[in-house]
Amino acid sequence: MNAKTTIRTMLVAVLTLCLLLTWTGTIWGNPVPGAITGTVYGTGNIALSGASVTVVGYPGLAATTGGNGQFYIPSVPAGVHTVAVSASGYAARTTEAFQLAEGGTAILSVTLSEGLALVANGQGRAVVLVAANANSKTVAAAGKLSGYAEKSTGASLPVASQIDPNEPAGTVHVYVGMAAPEHTGVASLLTGLKDDGFVIHSEGQSISIVGPTAFGTEFGVNEFLEKYVGVRWLLPGPDGEDVPVSDELRVPEETVRQDPAFFSRYFYIYPSANSSIWPMYTEWTSNNKIRQVVNPAHNLHNLFPPSKYGATRPDFYPNGQVPTGNIGWQPCFSNPDTMAEAVYTIKQYFANNPNAVSYSLTVNDSGGYCEANPSHPAYPNKLNSIGWQDMSNIYYSWVNQVAAGVLQQYPDKYFGVLAYAEVYDPPTNVTLNSHVIPFITDDRLSWAEPVAGTEGRDLTDAWSEAALTFGFYEYLYGSPYTVPRVYPHQMADNYRYARDQGADVQVAEAYANWGEGPKLWLSAKLQWNPDVDEDALLDEWYERAVGPAAAPYLKAYYDYWEQFWTDRVFETSWYKNWRAMQGRSNYMHLQNMGYLQAVTDQDMVLSRGWLEAAVANAQTAAQLKRAQMLLDQFEYYEASVFSYPRNLDIPPVASAAEGLDWLDRYVDSLQLADSRLTLVQSFNSDPWLIQGYLPTTWNYNTVWSGFNDRMLHALAAWVASEPAGGIVRTQIQQQIASAGTSAKVRNYLKLIVAEASGTAPINTNASFETGTVTSAPPFGYWKQPPVTSEVIQRTTAAAHTGSYSTEMKGITTFGAVTLITSVTAGVYGVTADYYTLPDSISGTGSVYMTASLLDANNKTLSTFRTDRRIAADTSGDWATLAWVGDIPAQINGVPVAKLSLVLYANAFNQGESLYVDDFEVIPLN
């Protein structure tokens, strides 16, 4: 039985089907819907039959007018709505926003005009005009308008730099990047717009699409294509766009004036594994009006490169030591010469780059402040609100002085900085220059949890007092999370709050995982206009992406995972330990997959059911491709969840049938751990499936073997109780003997048999029953210096077997229990049990083992390691680390003589104890 088959049959199919059939509405329940009714009129106030009426953002809420021009749309959710109305021969129109009360009825009267016909009956009747001296971006925008109009209607709209005197009468002129000569009021409409804003003005026989800059013009064209042609750029690349087909393109006489809520908007989105797809991502962000103006990237290593200053100014660096690399150090902010040198260098930069708008003064990553040394005269001796040494007053005072020096010569430039780690809190000794823009870093998914939300908003309030302008830096990951991390309603609330508090800029680390569907598309829309209805946009994305019949299944899927991330995850030790960290990272533990402990089998079975239903109900080839992509991405999620060492609740196996089921799952878990890596590597050429971060980026934190100790012990207990020739033991032996079983699976199956049979270890004193307080031969104890309150000792405080164990207490860096034993060639299993008292771990303390093969002179020939386990995940229960493998007689001609084992503990808080027992080397031959 293969892994996928086992997983999909392990829960009762009837439960899945019932839940699929009964899932309606959102996860929060359904308020009483209302209705929208009214009449549509055409030229001469004639009632129009056959007009299409759709609630904007809810493609499924639509109607067609009858002979009297009337329509009725029931089941409309309460809220603020607009309605889009279209009819053949008329320009489509969207009504002004109106409020629909819960259970109420809105009555509308809509009059359509013929408007300007750019395309009628499939024939082009317009020309796109762009100035002969227009820049390349404006010319490209004109070509985009023409190209998408043709994609939609099949009609060619030529691009020209001047009007052809012989053109047909009635030709519509679409001016891109300039106003039509007769549109004299457009210039005043442009006044006050940000660089990315724009005006679309339709009057007479002309349309003007123009912004204060070429970027604004491009975004105006994007809006024109979305509003009048109906284009949506749902995902990167040509397969990610949805272009409605029509034989008409009409534009009503109206004025559209838009300005972005935030003048700088950016995604860190590009996957490192395949740079060839980056242009596709860049185009997608631009299509959705994303553009960075102010860059807050870590940058002081570029401003003060050791290669330039190391030999002559070592005093610029911590303790006068010239650093290597780009992280872990800062220039000395209390040294006035660093300020003067920064001013000089940045002035040179702007002189050489006159079009540059901003310069980043953001600290280097990972600390390393000169002033953090307690012996330094400027040592602040104060922790900030997230537990880091508070460097804000020192750093931001320096930033202010640098900015003031540069602005004397370049008064229109900006300086981006990250309010991050040691400089997370606002300064109390200065108000930042209006051209210094701090980006407040936070993982604002946490704001869905009330306490974190209050703290985050309080900090924002404090920053709004200390800085005349500021922005939000978001952690929207994406990859490397291994289930869809979606929280659209909290995300929308965060953007609205930022706008209301006066934030001007946005940046998001959003390394894509397009299995999250509309997440980044919605973020782009909200960064432009936080007042849009996120529910309407989500419904629009679902329907445009996979079609109206498949959309409800997609909605159910993402609603479900939103509930996981905005409710269930806050009860996990993974989240609680992040919140309790001192100092806390500004982003959640994205390298720690402990949140998977909260993912259930039912979560995955339901999710697969919804996605398979979406694939089955997609109607067009494009819809099917997008739906299939989401299902393909789910294959990776599924393999990750089912191979992760989750704390499954496994009661004692009660029958051979149960034993066989758990055996299948044990084997599946081992296989899926490998297949997830193969699968994600195969994604690297696909722009939608590729992961922003591969699991191998962090290796031992995000890669695991698939070994599950709870399955091991449950199966071993059953096999031990079986009579000779028992079904489960027989099945295990058959798989071990099968040529089709991988060496990895074969050896982990042998571990079950060894435990069931009580195979004795080759090492002595495995449960630490003999020795002194500080010694348990043949085991050794080791602590990484400097040692303060760290303790490793024999103890009777806890034991798995016998009376003793080894206690590893307060191991804040690294501590280890070591063993070296002689071995001969063969298959071995190494196991060690570990334990922490219930609710005793409040951090990210972890435990893992390394196994090294040595020659007779203790030279390392090869090294392996176990999964890294987070101690808090198993708090209150004994758990088991395991390594199994073939030990050869020789490696590269050198005889293998010994096995060296090191069980490491690290990153525990002071006072936290990890207990180790039954550290065994078991022959599996």
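Residues numbered from 1 in each chain as written. Predicted model: local features only at pLDDT ≥ 70, side-chain atom pairs only at ≥ 80, totals over all residues. Heavy atoms only, no water.

**Here we look at unusual backbone geometry**
Stage number 1. A cis amide bond, omega 20°, links Y477 with the succeeding residue G478.
Stage number 2. Mapped onto the secondary structure, G478 falls in the loop between β25 (471–475) and α12 (488–501).
Stage number 3. With an omega dihedral of 10°, the bond running from P777 to P778 counts as a cis peptide bond.
Stage number 4. Structurally, the position occupied by P778 is in the loop between α22 (743–757) and β27 (780–783).
Stage number 5. Non-glycine residue S366 carries a positive phi angle of around 75°.
Stage number 6. Topologically, S366 is positioned in the loop between β22 (358–360) and α10 (392–407).
Stage number 7. Overall, S366 belongs to the partly exposed group, its relative accessible area being 48%.
Stage number 8. Despite not being glycine, A907 shows a phi value in the positive range, around 65°.
Stage number 9. Summarising the element assignment, A907 is placed in the loop between β38 (898–906) and β39 (913–923). (Helix = DSSP H or I, 4+ residues; strand = E, 2+ residues; numbered from the N terminus. Buried < 20%, exposed > 50% of the residue type's maximum accessible area, 1.4 Å probe, protein only.)

**A look at the layout of surface pockets**
Stage number 1. The calculated volume of the second largest pocket comes to roughly 960 Å³.
Stage number 2. What lines the second largest pocket is a set of 40 residues, among which M581, S585, H589, Q591 and T844 lie closest to the centre.
Stage number 3. Its residues assigned to classes, the lining of the second largest pocket shows 18 nonpolar, 17 polar and five charged. (1 Å grid on protein atoms, 1.4 Å probe; cavity = no way out; pocket = protein on both sides within 12 Å on 5 of 7 lines; lining within 4 Å. Points joined across faces, edges and corners; volume = space filled by probe spheres on them. Nonpolar A, V, L, I, M, F, W, Y, C, P; charged D, E, K, R; others polar.)

**Let's talk about the nonpolar core**
Stage number 1. One finds L118 and L361 to be the most contacted residues of the largest nonpolar core, which totals 182 residues.
Stage number 2. Counting residues per element, this core draws most heavily on helix α18 (residues 621–643), which supplies ten residues.
Stage number 3. Not counting the four nearest positions on each side in its chain, L118 is found in contact with Q123, G124, R125, A126, L157, V172, V174, I207, F224, L249 and V251.
Stage number 4. Formed by 36 residues, the second largest nonpolar core is a distinct cluster that contains A832, L881, W883 and F908. (Core = buried A, V, L, I, M, F, W, Y, C linked by side-chain atoms within 4.5 Å. Contact = heavy atoms within 4.5 Å.)

**Regarding the packing of α18 against helix α19 (residues 656–682)**
Stage number 1. The interhelical angle for the contact between α18 and α19, taken along N-to-C directions, is 140°, at an axis separation of 8 Å. The orientation of α18 relative to α19 falls into the category oblique. With respect to the hand of their crossing, α18 and α19 are arranged in left-handed fashion. Contact residues: α18 offers E635, Y636, A639, S640, F642 and S643, while α19 offers R665, S669, L672, A673, S675, R676, L679 and V680.
Stage number 2. In the contact of α18 with α19, the residues fall into seven nonpolar, four polar and three charged. (Axes fitted to C-alpha atoms, helices over the stretch in contact; angles between N-to-C directions. Parallel < 35°, antiparallel > 145°, perpendicular 65-115°, else oblique. Left-handed = near helix turned anticlockwise from the far one by under 90°.)

**Focus on the environment of K194**
Stage number 1. Here K194 is to be found in the loop between α4 (186–190) and β15 (198–203).
Stage number 2. Looking at K194, the relative accessible area reads 28%, which means it is partly exposed.
Stage number 3. Along the chain, K194 and R499 lie 305 residues apart, while their C-alpha atoms are 15 Å from each other.
Stage number 4. Ignoring any residue separated from it by four or fewer positions in sequence, one finds K194 in contact with P212, D259, P260, A261 and F263.
Stage number 5. Here P260 takes part through its backbone oxygen, which lies 3.0 Å from a polar atom of the side chain of K194. (Polar contact = N/O pair within 3.5 Å; in protein donor to acceptor, adjacent residues only side chain to side chain.)

**Some words on the sheet that holds strand β3 (residues 62–64)**
Sheet strands associate in pairs through backbone hydrogen bonding, adopting either a parallel or an antiparallel arrangement.
Stage number 1. One open sheet holds the four strands; their spatial order is β3-β2-β6-β7, and the pairing between them is antiparallel. Of all strands in the sheet, those with a lone pairing partner are β3 and β7 (93–94), marking the two edges.
Stage number 2. Bridge analysis of strand β2 (residues 52–55) against β3 gives three bridges, and the strand direction is antiparallel. Bridge pairing links V53 to A63 in β3. (Pairing = 2+ DSSP bridges.)

**Observations concerning the sheet that holds strand β28 (residues 791–795)**
Stage number 1. Pairing within the open sheet is antiparallel, and its five strands lie in the order β28-β29-β39-β31-β35. What marks the edges here is a single partner per strand, and that holds for β28 and β35 (879–887). Between one strand and the next, the sheet's axes are offset by a mean angle of 25°, whatever the strand orientation.
Stage number 2. Here strand β29 (residues 805–809) pairs with β39 via four bridges, running antiparallel. Across the sheet, M808 pairs through a bridge with L914, a residue of β39.
Stage number 3. Contacts from α22 reach β31 (826–835), β35 and β39, with the element oriented near 120° to β35.

**Section: helix α11 (residues 450–466)**
Stage number 1. Here α11 is 17 residues long and its end C-alpha atoms lie 25 Å apart, about the 24 Å a rise of 1.5 Å per residue gives.
Stage number 2. Among all positions in α11, only A452, G453, G456, L459, T460, W463 and A466 are buried. Angular distribution of buried residues about the axis of α11 spans 145°; they occupy a single face of the element. Turned more than 90 degrees from where α11 packs its buried face, P450 and E465 sit exposed.
Stage number 3. Its buried side turned inward, α11 meets α10, β23 (414–419), β24 (436–442), β25, α12 and α16 (573–580).
Stage number 4. For α11, the side-chain oxygen to backbone nitrogen distance between the N-cap and V451 is 3.1 Å, and the N-cap itself is E449. (Expected span 1.5 Å × (residues − 1). Arc of directions from axis to C-beta.)

**What about empty space enclosed by the protein?**
Stage number 1. All chains considered together, the criterion is met by five cavities of 30 Å³ or more.
Stage number 2. Quantified by volume, the largest cavity comes out at close to 70 Å³.
Stage number 3. What lines the largest cavity is V486, Y487, P488, M491, P518, K519, L522, L538, Y542, Y558, D559 and E562.
Stage number 4. Elements that contribute at least two residues to the lining of the largest cavity include exactly α12, α13 (519–528), α14 (534–546) and α15 (551–566).
Stage number 5. A per-element tally of the lining of the largest cavity places α15 first, with three residues.
Stage number 6. Classifying every residue of the lining of the largest cavity gives nine nonpolar, no polar and three charged.

**Topic: the side chain of R485**
Stage number 1. Within the secondary structure, R485 is located in the loop between β25 and α12.
Stage number 2. According to the relative accessible area criterion, R485 is buried, its value standing at 0%.
Stage number 3. One polar contact links the side chain of R485 to the main-chain carbonyl oxygen of Y475, over a distance of 3.2 Å.
Stage number 4. Of the polar contacts made by the side chain of R485, one reaches the backbone oxygen of Y477; its length is 2.8 Å.
Stage number 5. With residues near it in sequence (within four places) discarded, R485 still touches D443, L445, Y475, L476, Y477, E516, K519, W565 and M588.

None of the figures reported here should be taken as evidence of function without further support.
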